[in-house]
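# Notes for the structure review
If you want the building blocks of each chain, they are given just below.
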Amino acid sequence: MTISVPPSARQRTRLWPSGLVVPLGVTIPVASVLASFAVGLLLVVLMGAPLGQALSSFLDGAFGSSYAISVSLNRAAVYSLVGLGFIFANRANLTNVGAEGQIAVGGIAATAVALVPGIADLPLGLSFVVPTLAAMLAGAIWGGIAGVLKARIGTSEVISTLLLSFIAVWLVYWCVQSEHLLRQPMTSAATLPESLPIPETTQLPLVTGDYGAPANLGLPLAFFLAIAVAVVLGYSRFGFQLKAVGFNPLAARRAGFSTRQTIVVAFLVAGAFGGLAGAVMLLGDQYSLKAGFSSGYGYDGLVVGLLARGSTVGVIATALLFGFLRSGGISMEMGAGVPAALVLVIQGLIVVSVSGAAFWLDRRQPAKE
Amino acid sequence: MIPVDDAGTMVVNRHSVADALSFHGVTKRFGSFAALSDVTVAFRRGEVHCLLGENGAGKSTLCNLAFGIHQADAGEIRLDGAPFRPSGPGDSLKAGIAMVHQHFSLVDDMSVVDNLILGQARGIAWRRAFAAKLEELTTRYGLALKPFARVGDLSIGERQCVEIVKCLIRQPRILILDEPTAVLLPDEIKGLLEVVRRVAVEGCAVILVTHKLAEIRDVADRVTVVRQGRVAAQSQTPGQDIEALVRAMIQRPLEALDPAMAMSLGISAGSEVKRRAARIGPRGPDALQIDAVTVKDATGVVRLDEVTLTIQPGEIVGIVGVEGNGQSELGAVLAGTCPPSAGRIIVGDLDLTGRPPQAFSAAGMGVVPEDRHAVGAITGMTLTENLFLDRSRVPTRFGLLRRRVMREAALTMMAQFDVRASGPDVAFGSLSGGNQQKAVLAREMTRPGLKVLLAAQPTRGLDVGAVEAVYGLIRAASERGVAILLISSELDEVLAIANRVAVLYRGRIVGECRGEPGQRERIGALMAGHSA
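Our subject in this report is the structure included herewith.

The rules behind each value
Sequence positions are assigned chain by chain, starting from 1 and proceeding in written order. Throughout, the order in which chains and ligands are written sets their labels, letters from A for the former and numbers from 1 for the latter. In keeping with the model being predicted, local features are shown solely for residues with a pLDDT of at least 70 and side-chain atom pairs are shown and tallied solely at 80 or more, while totals for entire chains, interfaces and linings include all residues. Hydrogens and water molecules were not included; the side-chain quantities draw on all heavy atoms of the structure. To define axes, lines are fitted to C-alpha atoms, for helices over the stretch in contact only, and angles between the resulting N-to-C directions are given on a 0 to 180 degree scale. Numbering of helices and strands starts at the N terminus; helices are DSSP runs of H or I of at least 4 residues and strands are runs of E of at least 2. Comment on the angle field: the value is read as roughly parallel under 35 degrees, roughly antiparallel over 145, roughly perpendicular from 65 to 115, and oblique elsewhere. The contact definition used throughout considers only heavy atoms, calling two residues in contact when any of these lie within 4.5 Å. Each residue is assigned to one of three groups, with Ala, Val, Leu, Ile, Met, Phe, Trp, Tyr, Cys and Pro labelled nonpolar, Asp, Glu, Lys and Arg labelled charged, and all others, Gly among them, labelled polar. Strands pair, by our definition, only if DSSP identifies at least two bridges between them. Here a pair means two rings of Phe, Tyr or Trp (six-membered ring of Trp) with centres within 6.5 Å. Their orientation is stacked below 30 degrees between planes, edge-to-face above 60, and tilted elsewhere. Buried, partly exposed and exposed residues are distinguished by accessible area as a fraction of the type maximum, computed with a 1.4 Å probe on protein chains only: under 20%, between the cut-offs, and over 50%, respectively. A ring has a charge above it when a Lys NZ or an Arg CZ is no more than 6 Å from the ring centre and no more than 35 degrees off the ring normal.

Here the focus is the packing of helix H5 (residues 156-168) of chain B against helix H6 (residues 186-201) of chain B. Residue and element names in this part refer to chain B. Running from N to C, H5 and H6 cross one another at 10°; their axes reach a closest spacing of 10 Å. When the axes of H5 and H6 are compared, the pair comes out roughly parallel. Here Gly157, Gln160, Ile164 and Leu168 of H5 come into contact with H6, specifically with Glu188, Leu192, Val195 and Val199. Its residues placed into classes, the contact of H5 with H6 shows five nonpolar, two polar and one charged.

Written out as structure tokens, the structure reads:
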């Protein structure tokens with residue numbers, strides 16, 4: 001699997017004669033999403049499912065209640081964090097496909113620290129901040145391994161991050177299976193292989209403060225970090241350095257920027273975002289570590305990062321779309337008997353059409369003089 | 001006389017029996033850019049027809065139309081008087097048109113014969129038959145080629161011969177050569193031109209793209225000057241019309257031409273330039289000392305062998321040599337991107353051996369790399385960003401870029417160095433080659449505390465106007481007391497502007513002499529590896 005996205009593809013096109021100019025970066029994804037939805041609906045009809053019922057249960061699952069909306073938003077928050085980490089590293093032309101593993105080690109670290117006696121009694125919100133920081137550190141180390149391998153011996157980061165993900169996912173299994181690690185004490189043969197639930201004070205606060213609408217702090221945090229990432233990438237010297245190294249490592253090196261340092265830092269940051277996503281999932285939603293904890297969020301977040309094409313706004317928008325899409329899809333399966341995999345088909349169609357359109361646009365660019 | 005006409009119009013040739021290939025009002029556009037407009041020209045059997053013009057004037061486009069790589073948008077191409085519309089190179093080859101491209105298209109790991117067979121043989125490849133054919137061609141044209149030698153082991157000149165034999169083996173009626181001498185040594189050029197002559201005498205129409213006036217003098221029967229996609233002048237007596245042809249090419253009186261430029265074009269002896277050379281005396285301590293520098297590559301092959309060279313402030317030292325004799329390694333060592341295996345590099349009084357690139361920059365070393373796309377600039381970033389492509393010079397406040405300061409400084413630099421662009425925020429890749437090079441020069445020459453400027457192949461691929469500007473900038477820096485090391489494969493260029501010339505051969509400096517046109521023969525021999 002090789003994935004590469006040009007770090008910036010800012011183009012503008014004239015859509016209608018009134019002079020209103022819409023960036024192609026907006027029109028193309030929107031058109032792709034609409035077209036993919038149309039195909040999805042067509043598939044629903046072809047499968048013989050009642051269209052109205054499928055649609056209503058889809059909307060119900062995505063937006064039907066404050067609970068449904070909250071779940072979708074939490075999902076979107078995780079996607080956003082992973083996507084932000086992806087575009088950060090991608091600015092240096094690095095492809096971090098290891099968010100799944102970074103989420104997993106983040107979850108392990110967050111659980112472990114949250115269960116340490118005394119952490120739950122920390123004042124000033126430190127009770128959930130400390131586990132969160134631990135998760136970010138774990139994710140950063142996990143990403144940093146790939147960064148050091150790449151910087152030192154040139155290992156392809158696509159391969160190393162992917163393999164590190166497999167390791168991390170199995171680490172979660174090990175942690176929840178072994179009583180010496182994080183498994184809750186076995187009181188009976190029916191004790192599930194999962195960790196103890198984390199203390200309430202270490203849980204990420206809910207925006208509403210109400211478990212009926214369990215939207216946690218993840219999304220506001222993602223918004224804030226999106227702005228931070230946009231500023232760093234667009235307006236800081238480090239962003240300049242990332243871009244220079246990403247476009248042309250030789251020229252960047254000649255200009256005095258260390259390519260090795262850039263690669264390692266980019267991966268530390270991307271990994272920290274993955275770890276943070278893991279913390280948000282565990283401390284804000286699942287409250288105990290179970291086998292299969294990361295369950296594909298890392299890969300979905302990767303797709304979000306890819307589709308955003310380097311834009312933080314794109315990350316948030318795509319994450320929201322995918323968040324609601326997933327929740328709606330699950331509800332559609334239960335309510336109308338349409339397989340939730342249909343949502344995966346729609347997601348796939350969006351990916352193919354957006355990247356296809358981007359490819360076509362890049363080729364269509366007027367030849368240089 | 002030549003029918004020079006500023007509007008680009010000329011008397012339309014009536015079709016003559018001798019015309020093998022003729023263009024009639026041909027226009028070719030790329031997007032909104034007209035690469036050729038309304039070109040009418042005829043190539044005759046038995047003649048060498050030179051196409052002269054600056055980079056981007058449309059010479060290559062003309063060749064590519066004849067060879068079928070591009071298709072004309074308007075007008076007509078005729079082959080032996082009949083309309084000819086090749087849809088691809090295959091059609092042209094079938095019609096007897098062969099072309100030697102600007103860059104080699106050979107497989108290094110295969111033998112000469114196998115390279116000839118490539119793309120020619122159908123079914124079974126009879127090596128011996130091809131070898132015999134090759135033998136016959138080499139004796140006929142006086143070439144020296146071993147049929148079973150590996151192409152990778154051949155010299156650049158011999159490889160160019162293989163390219164030509166690849167064409168001749170098809171017995172073409174029209175042979176197109178796109179700047180075939182650009183990479184060759186003086187001796188090799190002479191040999192190649194003889195072959196070209198012989199091919200023409202045998203009745204082939206030869207189209208030779210060049211910007212070397214000496215070649216035109218030696219070999220051309222007819223010259224067409226192309227400027228901005230139009231025919232600017234034609235001459236049937238090129239030997240006598242050289243000056244008029246140059247004037248048509250650059251569209252300026254020759255007197256206004258930079259003397260170094262005039263000399264490297266082969267128009268005047270450049271006495272003006274050389275008067276400077278005498279003026280430079282010792283000016284104190286050396287600005288740059290390269291002391292017994294040796295570089296071995298990853299496989300242990302010695303690329304630079306105890307190179308020792310010192311340059312004084314204000315001095316221009318030229319390094320000449322056939323490409324691949326250690327120039328790239330020397331450039332990388334001096335940029336700080338390749339630490340030498342042995343030896344020392346001292347800039348001013350700082351020993352920089354083994355230090356990172358930023359230390360070289362800080363010591364006052366400016367580098368115009370030989371490949372501006374690979375090392376000198378980042379085409380995907382904006383012009384402003386490229387003008388500030390230096391860690392220590394990016395203006396920041398609290399870690400954030402000061403975009404407005406950068407923009408204003410960029411505008412100043414653009415004005416000072418005549419970098420032409422629609423604005424400082426355009427993509428660097430959208431600039432012309434000349435403007436890209438001027439931007440790289442602008443960045444390197446405005447480096448604070450500049451002591452030494454390494455300019456590697458600074459005029460490669462630039463048009464006459466830009467070349468002249470680059471010479472002017474280099475000379476201005478030298479007058480400010482900057483020591484200049486000019487690495488170039490263009491011998492004439494080095495002779496025109498350097499005070500001193502060193503010849504690099506297989507990683508060693510095999511000779512040094514003053515930069516004077518009279519040294520041309522001697523330097524040429526040294527470049528080819530003959531000891532003086």
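Turning next to the sheet that holds strand E10 (residues 230-235) of chain B. The strands making up a sheet associate through hydrogen bonds between their backbones, and the pairing can be parallel or antiparallel. Residues and elements named next belong to chain B. If you trace the six strands from one edge of the open sheet to the other, you get E6-E7-E8-E3-E9-E10, paired in mixed fashion. Looking at strand neighbours, the two that pair on one side only are strand E6 (97-100) and E10, the edges of this open sheet. Put simply, the sheet's adjacent strands are angled 20° from each other on average, direction ignored. Pairing of strand E3 (residues 48-52) with strand E8 (residues 205-210), which is carried by five bridges, proceeds in the parallel orientation. From the neighbouring strand, Leu52 faces E8, where its bridge partner is Thr210. Each of E6 and strand E7 (174-178) touches H5; the most contacted strand, E6, lies at about 170° to it. Along the sheet face, helix H8 (residues 238-250) touches E3, strand E9 (222-227) and E10 and points at about 5° away from the line of E9.

Overall, the coordinates contain six aromatic pairs over all chains when judged by the stated rule. Ring geometry for A:Phe63 against A:Phe324: centres 4.6 Å apart, planes inclined by 25°, an arrangement best described as stacked. Of the two residues, A:Phe63 sits in helix H2 (residues 51-63) while A:Phe324 sits in helix H12 (residues 312-336), which places them 261 residues apart along the sequence. For A:Phe63, a relative accessible area of 43% puts it in the partly exposed group. Seen in terms of ring centroids, A:Tyr79 and A:Tyr297 are 5.7 Å apart; in terms of plane orientation they differ by 40°. Their pairing is tilted. Residue A:Tyr79 is found in helix H3 (residues 66-90), and its partner A:Tyr297 is found in helix H11 (residues 297-308); the two are separated by 218 residues along the sequence. Here the guanidinium or amino end of B:Lys133 rests over the ring plane of B:Phe130, the centre of that ring lying 5.1 Å away.

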